[in-house]
Amino acid sequence: MSTNGDGGFSSDEMMAVEAARRLANGTVCFVGIGLPSLAANLARLTHAPECVLVYESGTIGAKPTRLPLSIGDGDLADTADAVVSVPEMFAYWLQGNRIDVGFLGAAQIDRHGNLNSTVIGDYDHPKVRLPGGGGAPEIATGVRDVFVMLRQTPRAFVEHLDFTTSVGDRVRVVVTDLGILEPRDGELTLVAVHPGVEVDAARSATGWELRVADDVRVTEPPSEIELSALRELEARAHA
C-alpha cells in the first residue's frame, strides 16, 4: 500500500474513497470483501446512509459495525434486514434485476472491461490457477452497473485475457490506484488521475495503448471526514 506523501493518504484509501463517492443514497449494491466492502461501507457511513449492502452469502441490508472478514462473517447476518439462501440471492435478487451496482475484481482486465479470475496461462496447463469465477459471471450480467476495483499494472491490464471469466458489457467504471477509467466508444479510457499521478504513469501501467480523454482531470483528494470514517472502519477490523 503506497502512500501519497503530499496528501497523507494511501493509494488504497484513494481507491476506496473514489469508489464510495459513486454510490448514491438508496443504491442497492452487491459487495465483495476487501476494497469493495471498504468503499460501500464508507458510502453508508458518510453521504449514502440508505445504501443497501448485499453480500453473496445472502445478507440483504447489512450494516456491519466493522469490516467483515469474509462473506460468512456473523456481523453481516446480525445487522442485516434479511438473510436469504444463496440460490434465492442469485435467482431472485440478482437475476431478477434487483441489484443496481456490483463490485468486481480480477487478475486481468482488457480494454473492453472483460475480466479473468480463472487462470494465468493455458487453461489446461496454467501457470497459475486462480480462485475462479464464483458469482462473478452472474454479477457481470445481472446488475445494472459494474464497478471494477483493480490495481493498475501491465500484468493486470492486458492486451489479451488468458481466459474470459466475466464479460465487460456493463462495466461503467474501473477505479485503480492511479486513476479512473470509463468506457468511451466501447473502450476503457483514462478520464482522471489521482493526486500526484501523471498520465504517463497510467499509460506505462497498461498493457495496451491506453486511450486518454481530452478532458482528463485530477480526482479530489479524500476529505477529513472521508479519511476519518475510513480509518475508523479499518481500526475496528483490527480491534
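Just above sits the structure.
The following paragraphs examine the structure supplied in this document. Sequence positions are assigned chain by chain, starting from 1 and proceeding in written order. Confidence filtering applies because this is a predicted model: local features only for residues at pLDDT of at least 70, side-chain atom pairs given and counted only at 80 or more, and all residues used for totals across whole chains, interfaces and linings. Derived side-chain values reflect all non-hydrogen atoms in the structure, with water molecules and hydrogen atoms excluded from consideration.

A few points about unusual backbone geometry
Stage number 1. Of note, Asn 97 is a non-glycine position whose phi angle comes to about 60°, a positive value.
Stage number 2. Under the DSSP-based scheme used, a helix requires at least four consecutive residues in state H or I and a strand at least two consecutive residues in state E, with every element numbered from the N terminus. Counting through the fold element by element, Asn 97 comes out in the loop between α4 (86–94) and β7 (101–104).
Stage number 3. In this structure Asn 97 comes out as exposed when scored by relative accessible area, which is 59%.
Stage number 4. Positive phi outside glycine occurs at Asp 185, with the angle close to 55°.
Stage number 5. Position of Asp 185 relative to the elements: it lies in the loop between β14 (179–184) and β15 (187–193).
Stage number 6. On the basis of relative accessibility, which here comes to 78%, the residue Asp 185 falls in the exposed class. Exposure classes here rest on a 1.4 Å probe applied to the protein chains alone. A residue is buried below 20% of its type maximum, exposed above 50%, and partly exposed in between.

Observations regarding the environment of Leu 178
Stage number 1. Assignment of secondary structure puts Leu 178 in the loop between β13 (171–175) and β14.
Stage number 2. Taking C-alpha positions, Leu 178 is 6.2 Å from Ala 202, a pair spaced 24 residues apart along the chain.
Stage number 3. If sequence neighbours within four positions are ignored, Leu 178 has contacts with Gln 152, Val 193, His 194, Val 197, Ala 201, Ala 202 and Ala 205. A contact between two residues is defined here by any heavy atoms of the two lying within 4.5 Å.

Observations concerning the environment of Ala 91
Stage number 1. Within the fold, Ala 91 resides in helix α4.
Stage number 2. With relative accessibility at 52%, the residue Ala 91 sits in the exposed group.
Stage number 3. For the pair Ala 91 and Glu 138, spaced 47 residues apart in sequence, the C-alpha to C-alpha distance is 9.7 Å.

Things to note about the nonpolar core
Stage number 1. For our purposes a nonpolar core is just a set of buried Ala, Val, Leu, Ile, Met, Phe, Trp, Tyr and Cys residues, chained together by side-chain atoms within 4.5 Å. Formed by 37 residues in total, the largest nonpolar core has its most connected members in Leu 23, Cys 29, Leu 38, Phe 103, Met 149, Val 175 and Leu 230.
Stage number 2. Met 149 has contacts with Met 15, Ala 16, Ala 19, Leu 35, Pro 36, Ala 39, Phe 103, Leu 104, Gly 105 and Val 175, leaving out every residue within four places of it along the chain.
Stage number 3. Grouped together as the second largest cluster of nonpolar side chains are 34 residues, Met 89, Phe 157, Leu 188 and Trp 208 included.

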